[in-house]
Amino acid sequence: MGFCMGGALSLFAACNSDGDVGACVDFYGGHPMVKYNWDGLTAPVLGIWAEHDDFVNPNIPTYKAELEKRGITHEFITYPGTQARVLQR
């Protein structure tokens, strides 16, 4: 389970775990430069997204298509009216 970059890493780890990961939860995670080994994924995936996240949301249709193509159990939840925010100091 991971949030933001951790979500992307959670999915990456699940795709490269040789079946050792029992489930993957990706909170707002994803990065266009990360290449996932979809064929190595055996765990079910829960994706949780903000409705307005221009960085991550363009990846969601690809994730969904790759999971469906392989018959991987998944559920994606998008929370209406929410947006991802970048914290600044």
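Residues numbered from 1 in each chain as written. Predicted model: local features only at pLDDT ≥ 70, side-chain atom pairs only at ≥ 80, totals over all residues. Heavy atoms only, no water.

The chain is annotated in an unreviewed UniProt entry as Dienelactone hydrolase family protein from Tepidiforma flava.

A. Broad picture of the overall build of the chain. Assigned secondary structure in the chain consists of two helices and four strands. Each helix (α) and strand (β) of the chain, taken in turn from the N terminus, gives the series β-α-β-β-α-β. Here the C-alpha radius of gyration of the chain, 13 Å, is about what a compact globule of 89 residues would show, namely 12 Å. Its C-alpha atoms give the chain principal-axis dimensions of about 40 × 25 × 20 Å. Counting every position in the chain, which comprises 89 residues, the buried fraction comes to 37%. Split by element, the accessible area of the chain, about 5,700 Å² in all, is 57% carbon and sulfur. One way to put it: in the chain the 6 positive side-chain charges average out to a point 6 Å from where the 10 negative ones average out. (Helix = DSSP H or I, 4+ residues; strand = E, 2+ residues; numbered from the N terminus. Rg over C-alpha atoms; globule rule 2.2 N^0.38 Å. Buried < 20%, exposed > 50% of the residue type's maximum accessible area, 1.4 Å probe, protein only. Areas by Shrake-Rupley, 256 points an atom, 1.4 Å probe, with all protein chains shown as cover. Lys, Arg positive; Asp, Glu negative; His and termini not counted. Charge placed at Lys NZ, Arg CZ, Asp CG, Glu CD.)

B. The UniProt feature "domain: Dienelactone hydrolase" (unreviewed entry) in the chain, seen in detail. Here, UniProt's "domain: Dienelactone hydrolase" (unreviewed entry) annotation points to residues 1-82. Annotated as residues 1-82, this span is 27% helix and 28% strand, and its ends, taken at the C-alpha atoms, are 20 Å apart. (UniProt positions renumbered as here; feature names shortened; annotations may be inferred.)

C. Summary view of the packing of aromatic side chains. This structure, assessed with the given rule, holds five aromatic pairs. Taking 5.2 Å as the distance between ring centres and 50° as the angle between the ring planes, the aromatic pair formed by Tyr 36 and Trp 38 counts as tilted. Summarising the burial analysis for this pair, Tyr 36 and Trp 38 share the class buried. Measuring from ring centre to ring centre gives 6.2 Å for Trp 49 and Tyr 63, while their planes differ by 50°; the resulting arrangement is tilted. Residue Trp 49 is located in strand β3 (residues 45-52), and its partner Tyr 63 is located in helix α2 (residues 60-70); the two are separated by 14 residues in the primary sequence. Aromatic rings pair up to connect Tyr 36, Trp 38, Trp 49, Tyr 63 and Phe 76 into one cluster. (Phe/Tyr/Trp six-rings, centres within 6.5 Å; stacked < 30°, edge-to-face > 60°.)

D. Expanded view of the environment of Val 45. Here Val 45 lies in strand β3. Between the C-alpha atoms of Val 45 and Leu 67, which are 22 residues apart in sequence, the distance is 8.6 Å. If near-sequence neighbours (up to four positions away) are discounted, Val 45 is found in contact with Leu 11, Cys 24, Leu 67, Thr 73, His 74, Glu 75 and Phe 76. (Contact = heavy atoms within 4.5 Å.)

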